Amino acid sequence: MPQWVETTAYVLYARPLGERDKLCSFFTQRTGKVRGVAKGARRLHSRFGASLEPLSEVRLWYGEREGQELVTIGQCELIESVFDIGSTPEGEQLIHHLVELVDEFCPPHQPNDRIYRLLRAILSSLRVVEGDRARLLKLYFDVWMLRLSGFFPSLDRCAECEALVPRNEAIFLTIEGRPECVACQSAVRGIILSPLMRRDLRALLTEPPDRWIARAGMEAWSDQFVEFLRQFLSHVLEKELKTERLQEL
Ligand SMILES: [Zn+2]
């Protein structure tokens, strides 16, 4: 007999499997990332309806058997879709990016409530996509994902000499995520964080996304930082992100 689990979850992807079914991946609140088969989901009038779109939040019932990696999807009810967000090119690209990072950073069967809540906060902020918001929200999400996964350091202290770097001075952040004061700086690849950037990044780690992206003046540095994050993430994950490769085409 399978063991049944009920949980809220975000759909990561649903890919065709044979003629009738879909292979799905979910980031669940209770049990972390799980993969399973949604039987009959490719049929026209499937009971899964539109609930299997990327980053839809759903109430999920699944059954698992010991020793089997794939679970059986019993029921999947839509709580909230991101259909409206995904209808613009920027929105769609961002959804793919969020899915890719959650998929890369979250190992199977390890719940992470902070990442789950981060995703929820980002998606609710995304309800209004205009101007720079999508790009700043991506920046916000990337820094937090790196932080919650243990890769984004405190920007107050030099990792080499361990001295506190005063807030009115710049600090160098290497592509490996190592902060170095100006005197110690030895790496070539990285980014100089001005006092202003350090201030805004400190705020990022204490403020909810809506409040943070309302700050003024970030357009002066965010482009450069987004490019740095792309390199930082591919260093951490040891590969180029798919969503970034698509953008270059
Ligand atoms: Zn130093």
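Residues numbered from 1 in each chain as written. Predicted model: local features only at pLDDT ≥ 70, side-chain atom pairs only at ≥ 80, totals over all residues. Heavy atoms only, no water.

A. Examining the packing of helix 1 (residues 89-105) against helix 6 (residues 219-237) more closely. Look at helix 1 against helix 6: their axes get within 11 Å of each other, and the N-to-C directions meet at 30°. Comparing their axes, helix 6 and helix 1 come out roughly parallel. Handedness of the helix 1/helix 6 crossing: left-handed. On the side of helix 1, the interface is formed by His-97, Leu-101, Glu-104 and Phe-105, while helix 6 contributes Leu-233, Val-236 and Leu-237. In terms of residue class, the contact of helix 1 with helix 6 is built from 5 nonpolar, 1 polar and 1 charged. (Axes fitted to C-alpha atoms, helices over the stretch in contact; angles between N-to-C directions. Helix = DSSP H or I, 4+ residues; strand = E, 2+ residues; numbered from the N terminus. Parallel < 35°, antiparallel > 145°, perpendicular 65-115°, else oblique. Left-handed = near helix turned anticlockwise from the far one by under 90°. Contact = heavy atoms within 4.5 Å. Nonpolar A, V, L, I, M, F, W, Y, C, P; charged D, E, K, R; others polar.)

B. Spotlight on the sheet that holds strand 7 (residues 179-180). What the 3 strands build is an open sheet, ordered 7-6-8; its pairing is antiparallel. Edge positions in the sheet fall to strand 7 and strand 8 (190-193), since each of these pairs with one other strand and no more. One ladder, built from 4 bridges, connects strand 6 (residues 171-174) with strand 8; its direction is antiparallel. When the bridges of strand 8 are listed, Leu-173 appears paired with Ile-191. Contacts between helix 4 (residues 195-204) and the sheet are confined to strand 6 and strand 8, with strand 8 contributing the most and set at about 95° to the helix. Along the sheet, helix 6 makes contact with strand 6 and strand 8, crossing strand 8 at roughly 145°. (Pairing = 2+ DSSP bridges.)

C. Looking closely at the coordination of the zinc ion. Protein coordination at the zinc ion: the donors are Cys-158 (SG), Cys-161 (SG), Cys-181 (SG) and Cys-184 (SG), at 2.3 Å from the metal. Angles of 101 to 116° at the metal separate the 4 donor atoms of the zinc ion, which places the site in the tetrahedral class. Residue Cys-181 is classed as buried on the basis of its relative accessible area of 11%. (Donors = N, O, S within 2.8 Å, 3.2 Å for Na, K, Ca; no water. Tetrahedral: all angles 85-135°; square planar, octahedral: opposite > 155°, others 65-115°. Buried < 20%, exposed > 50% of the residue type's maximum accessible area, 1.4 Å probe, protein only.)

D. The arrangement of the pairing of strand 1 (residues 3-17) in detail. Pairing geometry for strand 1 and strand 4 (residues 57-64), over 8 bridges, is antiparallel. Across the sheet, the residue bridging to Thr-7 is Leu-60, located in strand 4. Pairing analysis gives 8 bridges linking strand 1 to strand 2 (residues 21-28), with the strands arranged antiparallel. In the strand pairing of strand 2, Val-11 is matched with Phe-26. Hairpin connection, strand 1 to strand 2: the antiparallel pair is bridged by 3 residues, and Gly-18 has positive phi, about 65°.

E. Main features of the domain arrangement of the chain. Per the domain assignment, the segments making up the chain are domain 1 (3-80) and domain 2 (89-248). Using C-alpha coordinates to define each centre, domain 1 is positioned 30 Å away from domain 2. With both sides pooled, the region where domain 1 packs onto domain 2 buries about 1,700 Å², and carbon together with sulfur makes up 62% of that total. By the criterion of area lost to domain 2, the three top residues of domain 1 are Phe-27, Lys-33 and Leu-55, representing 40% of everything that side buries. Joining domain 1 to domain 2, the criterion identifies 2 salt bridges. (Domains from an automatic or database assignment. Buried area = accessible area lost by both parts, 1.4 Å probe. Salt bridge = Lys/Arg side-chain N within 4 Å of Asp/Glu carboxyl O.)

F. Representation of the environment of Gly-91 within the structure. In this structure, Gly-91 sits in helix 1. When its relative accessible area of 0% is taken as the criterion, Gly-91 is described as buried. Residues Gly-91 and Phe-151 lie 60 residues apart in sequence; the distance between their C-alpha atoms is 26 Å.

G. Seen up close, the environment of Asp-21. Mapped onto the secondary structure, Asp-21 falls in strand 2. C-alpha of Asp-21 to C-alpha of Arg-42: the two residues are 21 residues apart in sequence and 5.3 Å apart in space. Sequence-distant contacts of Asp-21, that is, excluding residues within four places in its chain, are made with Arg-15, Pro-16, Val-37, Ala-38, Lys-39, Gly-40, Ala-41 and Arg-42. At 2.9 Å, the side chain of Asp-21 and the backbone nitrogen of Gly-40 are in polar contact. (Polar contact = N/O pair within 3.5 Å; in protein donor to acceptor, adjacent residues only side chain to side chain.)

H. Spatial organisation of the packing of helix 2 (residues 113-125) against helix 3 (residues 133-148). Look at helix 2 against helix 3: their axes get within 11 Å of each other, and the N-to-C directions meet at 175°. One finds that helix 2 runs roughly antiparallel with respect to helix 3. Along the contact surface, helix 2 presents Arg-114, Ile-115, Leu-118, Leu-119, Ile-122 and Ser-125, while helix 3 presents Arg-133, Leu-137, Tyr-140, Phe-141, Trp-144, Met-145 and Leu-148. Residues of the contact of helix 2 with helix 3, tallied by class, amount to 10 nonpolar, 1 polar and 2 charged.

I. Spatial organisation of the pattern of salt bridges. In this structure the tally under the stated criterion is 16 salt bridges. When the shortest N-O distance is used, the salt bridge between Glu-69 and Arg-35 registers 3.2 Å. With Glu-69 in the loop between strand 4 and strand 5 (71-80) and Arg-35 in strand 3 (residues 32-38), the pair connects residues that are 34 residues apart, well separated along the chain. Residue classification places Arg-35 among the partly exposed residues on the basis of a relative accessible area of 28%. Glu-104 is paired through a salt bridge with Lys-239; the nearest N and O atoms lie 2.5 Å apart. Within this pair, whereas Glu-104 is found in helix 1, its partner Lys-239 is found in the loop between helix 6 and helix 7 (242-248), the two being separated by 135 residues in sequence. Through salt bridges with shared partners, a single network forms among Arg-199, Asp-200, Glu-207 and Arg-215.

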